[in-house]
Amino acid sequence: MTVTSEPSSESAEATPQFEKAAQRKESRRGFLLALPSYLYLIIFFVIPLAIVLVYSFATRNRFGGTDLSGWNLASYERIAEPIVRTILFRSLWLAFLTTIICLLIAYPFAYFLATRRPAIRNVMLVFVMIPFWTNFLVRNFAWRVILGNDGPLTKTTEFLGLGTHELLFSQKAVVLGLVYGYLPFMILPLYAAIERIDGQLIEASRDLYGSGWQSFRNVLLPLSMPGVIAGSILVFIPSLGAYVTPEILGGAKTTLLGSYIVTQFLTARNWPFGAALSFVLMAIMLVGTVIYFRKGGRTL
Amino acid sequence: MSTAVEPRGWAKAALHINGWLVYIFFYAPIALLVLFSFSDNRNVGIWGGFTLDWYQDFFDSSNARGALSNSVKIAIVVTIISVILGTMAALALERFTFKGKKVFDALLYLPIIIPDVTMAVMLLLFFGEFFDVLDMLFGLQLRKGFWSITISHIAFNISFVSVIVRARLSGMNTNLEEAAVDLYASRWKAFRHVTLPQIVPGIAGGALLAMTLSLDDVVITQFVTGPGWTTLPVYVFGLIRKGVTPLINSISVIMLLASMILVVLSLFAERARRGG
């Protein structure tokens, strides 16, 4: 806004100097408004981030404490160790799998939503938003109940004559929990992208004898790409850092990066190594975010 | 804008089936959880007749009630402070230009996209060092608990509130504000009487999201809490790791109910926001 801020500045001969002063005043006001949260984030976000960086170069001493003198790269070198590499690749793989499954479910669903009448569509959207707002821990726990011994799923499979299942504490259960947790994150950006597409473009491609598949492949998919990318990043990143889900639904062989980092702090007491792993996780996140913004995504 | 074209034939049927399956997938687990919270069987997930015992357990457990009251206290303080700071930040970014604006804008996004675990680690190390420094300089012996959790929740909620309030501000016509100022309203008066009433739905939406995120947080809270201090999700998480009991079912349903109330309120805020 280029409004002059004081009634007195309404004098007919507002000199350029006067305007400059008014602008400076506006700029100062903006800065003062931002200042409290700016300072807050510097103290409670930027400084903590710097501390993690420092710790990642430190050494763990014999008592499980951290020696901050003598910086080295030992913690980062440990990432090449087989155990760590296994966990890292497993996390990337499961996060990738979660993302793909969410995409396969959410894309047709988002398209389905976009083809409903506006009144129905809004109601349907509300019912997607509800799980999005519902406590994540509780939603994961629900699956623990369902998959548990003699739980509803076993009852169902036995009733259908399929025998018992051993899903709980497996990687499948973790992926299931992650898909359940993050599906709304995929649906919402996809829906936003598809809803914006002009339906006439698809009609035109059909009129020009494009098959359903060709219309999808050459018209719908390219136009909805920003939604695909946004949704994928919104699902992939939290899946990679997941801690609650593998802890509740996973077992010994499903340690993911998130839980591995937590272990370094709460049980193994190797803080420098945990700090280094946190940084790796954040680096992956930053790369993802940069891709997202490059591809023209704006809303988070 | 024309609506996307609905496909015909088998593709149409497949879309419909997928749609219904997604809703079943979303709601069946929640429905089963609620159902089993009333089941008179020590084994969760097996129906054993109707009972309210597990809810009685919750009200009898002073730990659970204590954790609930901690959660609520923290959520209230967090919501108030995050809403004030987040709204100020949103106004600064949407209505003013100032030095360092771009850096501030980028910084404000980081707490939203950073993984929980990383943020938890950051704050754990920060409070460790911070308390050491305070002890060294002033001989203050602080312990982690209410304030360390509250400060941490605010650190991520400022960003969420500001995103929601900004969305409202950017969709708003500035003509009215300009008219008010032209009519000799001070900048503050223009804000108080013109801008603020219009962004109230945005602020309410932000407040509800902040409260929800504060009530739900497990990972960060677990890292910055101190001995003898626990919130309801951290308490439940601890219980789940020890073994599943029906008490967890009933607490889960109570948490679910709290989430639902907040969703409904936020939908009203959303409607008011759309209605303008």
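From a predicted model like this one, the values you see are computed outputs, not experimental measurements.

Another aspect to go through is the overall build of chain A. A count of helical and extended segments in chain A gives 13 helices and 2 strands. Relative to its length of 300 residues, chain A is extended, with a C-alpha radius of gyration of 26 Å against a globular reference of 19 Å. Within chain A, buried positions represent 44% of all 300 residues. Across chain A, every contact between residues at least 6 apart in sequence was considered, and the portion connecting residues at least 24 apart equals 67%.

Within chain B one finds 11 helices and 0 strands. Along the chain direction, N to C, the helices and strands of chain B fall in the order α-α-α-α-α-α-α-α-α-α-α. The C-alpha radius of gyration computed for chain B amounts to 23 Å, which surpasses the reference 19 Å derived for 276 residues by more than 25%, pointing to a less compact arrangement than a globule. Once the C-alpha set of chain B is aligned to its principal axes, its extents read approximately 75 × 70 × 30 Å. Summarising the internal contacts of chain B: among those between residues at least 6 apart in sequence, 75% fall at separations of at least 24.

Turning our eyes to something else, we now look at helix H5 (residues 116–138) of chain B. Residues and elements named next belong to chain B. Taking 1.5 Å of rise per residue, the 23 residues of H5 would be expected to cover 33 Å, and the 32 Å separating its terminal C-alpha atoms lies within 8% of that figure. All buried positions along H5 are accounted for by Asp116, Val117, Thr118, Met119, Ala120, Val121, Met122, Leu123, Leu124, Leu125, Phe126 and Phe127. Of the residues flanking the end of H5, it is Gly139, one or two places downstream, whose phi is positive at about 65°.

Here we take up the nonpolar core. One finds Ala110, Met186, Ile187 and Leu190 of chain A together with Val121 and Leu123 of chain B to be the most contacted residues of the largest nonpolar core, which totals 161 residues. Sorting elements by how many residues they give to this core places helix H7 (residues 171–196) of chain A first, with 17 residues. Counting only domains with at least three residues in this core, you end up with domain 1 (7–56) and domain 2 (78–294) of chain A. Apart from residues no more than four positions distant in its own chain, Ile187 of chain A is found in contact with Ala106, Phe109, Ala110 and Val128 of chain A.

Before going further, it helps to examine the confidence of the model for chain A. Residues and elements named next belong to chain A. On average, residues of chain A carry a pLDDT of 86, and 93% of them reach 70 or more. Taken element by element, the predicted model of chain A shows its lowest mean pLDDT in strand E2 (residues 66–67) (79) and its highest in helix H3 (residues 82–114) (95). For the stretch residues 1–12, pLDDT sits under 50, and the model shows 17 contacts to residues farther than four places along the chain or on other chains.

So, on to the domain arrangement of chain A. Residue and element names in this part refer to chain A. For chain A, the assigned domains read domain 1 (7–56) and domain 2 (78–294). Computed over C-alpha atoms, the centres of domain 1 and domain 2 are 39 Å apart. In this assembly, 4 residues from domain 1 lie in contact with 6 residues from domain 2. By residue class, the composition of the side of domain 1 that touches domain 2 is 3 nonpolar, 1 polar and no charged.

Tallying the contact residues gives 80 residues for chain A and 82 residues for chain B. The element that contributes the greatest number of residues to the side of chain A that touches chain B is helix H1 (residues 16–56) of chain A, accounting for 20 residues. Each residue belonging to the side of chain A that touches chain B can be placed in one class, and the counts come to 55 nonpolar, 17 polar and 8 charged.

Moving on, we come to the environment of Met225 of chain A. Within the fold, Met225 of chain A resides in helix H10 (residues 225–240). C-alpha separation for the pair Met225 of chain A and Ile194 of chain A, spaced 31 residues apart in sequence, amounts to 9.1 Å.

Count 3.6 residues to each turn of an α-helix, and residues three or four apart come out pointing the same way. All names here are of chain A. Spanning 26 residues, H7 covers 37 Å between terminal C-alpha atoms, matching the ideal 38 Å at 1.5 Å per step. The axis of H7 is deflected most strongly, by about 45°, at Tyr182, and proline Pro184 appears within four residues downstream. The buried count for H7 comes to 22 of 26 residues, which makes it a mostly enclosed element.

So, on to the packing of helix H4 (residues 101–113) of chain B against helix H6 (residues 146–170) of chain B. Residue and element names in this part refer to chain B. Look at H4 against H6: their axes get within 8 Å of each other, and the N-to-C directions meet at 110°. Comparing their axes, H6 and H4 come out roughly perpendicular. For the element pair H4 and H6, the recorded crossing hand is left-handed. Mapping the contact onto sequence places Leu108, Tyr109, Pro111 and Ile112 in H4 and Ala155, Phe156, Ser159, Phe160 and Ser162 in H6. Classifying every residue of the contact of H4 with H6 gives 7 nonpolar, 2 polar and no charged.

Turning to the confidence of the model for chain B, a few remarks are in order. Interpreting fine coordinate detail is not advised for predicted regions of low pLDDT. Confidence in the prediction for chain B averages 90 pLDDT; 97% of positions are at 70 or higher. Taken together, the chains of this predicted complex give a pTM of 0.89 and an interface ipTM of 0.91.

Packed helices, taken two at a time, are described by their axes: the angle between them and the distance between them. Residues and elements named next belong to chain A. The interhelical angle for the contact between H7 and H10, taken along N-to-C directions, is 160°, at an axis separation of 7 Å. Taken together, H7 and H10 sit at an angle that is classed as roughly antiparallel. Like other packed secondary-structure pairs, H7 and H10 cross with a definite hand, here right-handed. Two secondary-structure elements touch here, H7 through Leu178, Tyr182, Phe185, Met186, Pro189, Leu190, Ala192, Ala193 and Ile194 and H10 through Pro226, Gly227, Val228, Ala230, Gly231, Leu234, Val235, Pro238 and Ser239. When grouped by side-chain class, the residues that make up the contact of H7 with H10 number 15 nonpolar, 3 polar and no charged.

Residue and element names in this part refer to chain B. Topologically, Leu183 is positioned in the loop between helix H7 (175–182) and helix H8 (187–216). Residue Leu183 is classed as exposed on the basis of its 10 C-beta neighbours within 10 Å. In sequence terms Leu183 and Ala64 are 119 residues apart; their C-alpha atoms lie 56 Å from each other.

Parameters and conventions
- Residues numbered from 1 in each chain as written.
- Chains lettered and ligands numbered in written order.
- Predicted model: local features only at pLDDT ≥ 70, side-chain atom pairs only at ≥ 80, totals over all residues.
- Helix = DSSP H or I, 4+ residues; strand = E, 2+ residues; numbered from the N terminus.
- Rg over C-alpha atoms; globule rule 2.2 N^0.38 Å.
- Buried ≥ 20, exposed ≤ 12 C-beta atoms within 10 Å, placed from the backbone.
- Contact = placed C-beta atoms within 7 Å.
- Expected span 1.5 Å × (residues − 1).
- Core = buried A, V, L, I, M, F, W, Y, C linked by C-beta atoms within 7 Å.
- Domains from an automatic or database assignment.
- pLDDT = per-residue confidence, 0-100.
- Nonpolar A, V, L, I, M, F, W, Y, C, P; charged D, E, K, R; others polar.
- Bend = angle between axes of the 7 residues up to and from the residue.
- Axes fitted to C-alpha atoms, helices over the stretch in contact; angles between N-to-C directions.
- Parallel < 35°, antiparallel > 145°, perpendicular 65-115°, else oblique.
- Left-handed = near helix turned anticlockwise from the far one by under 90°.

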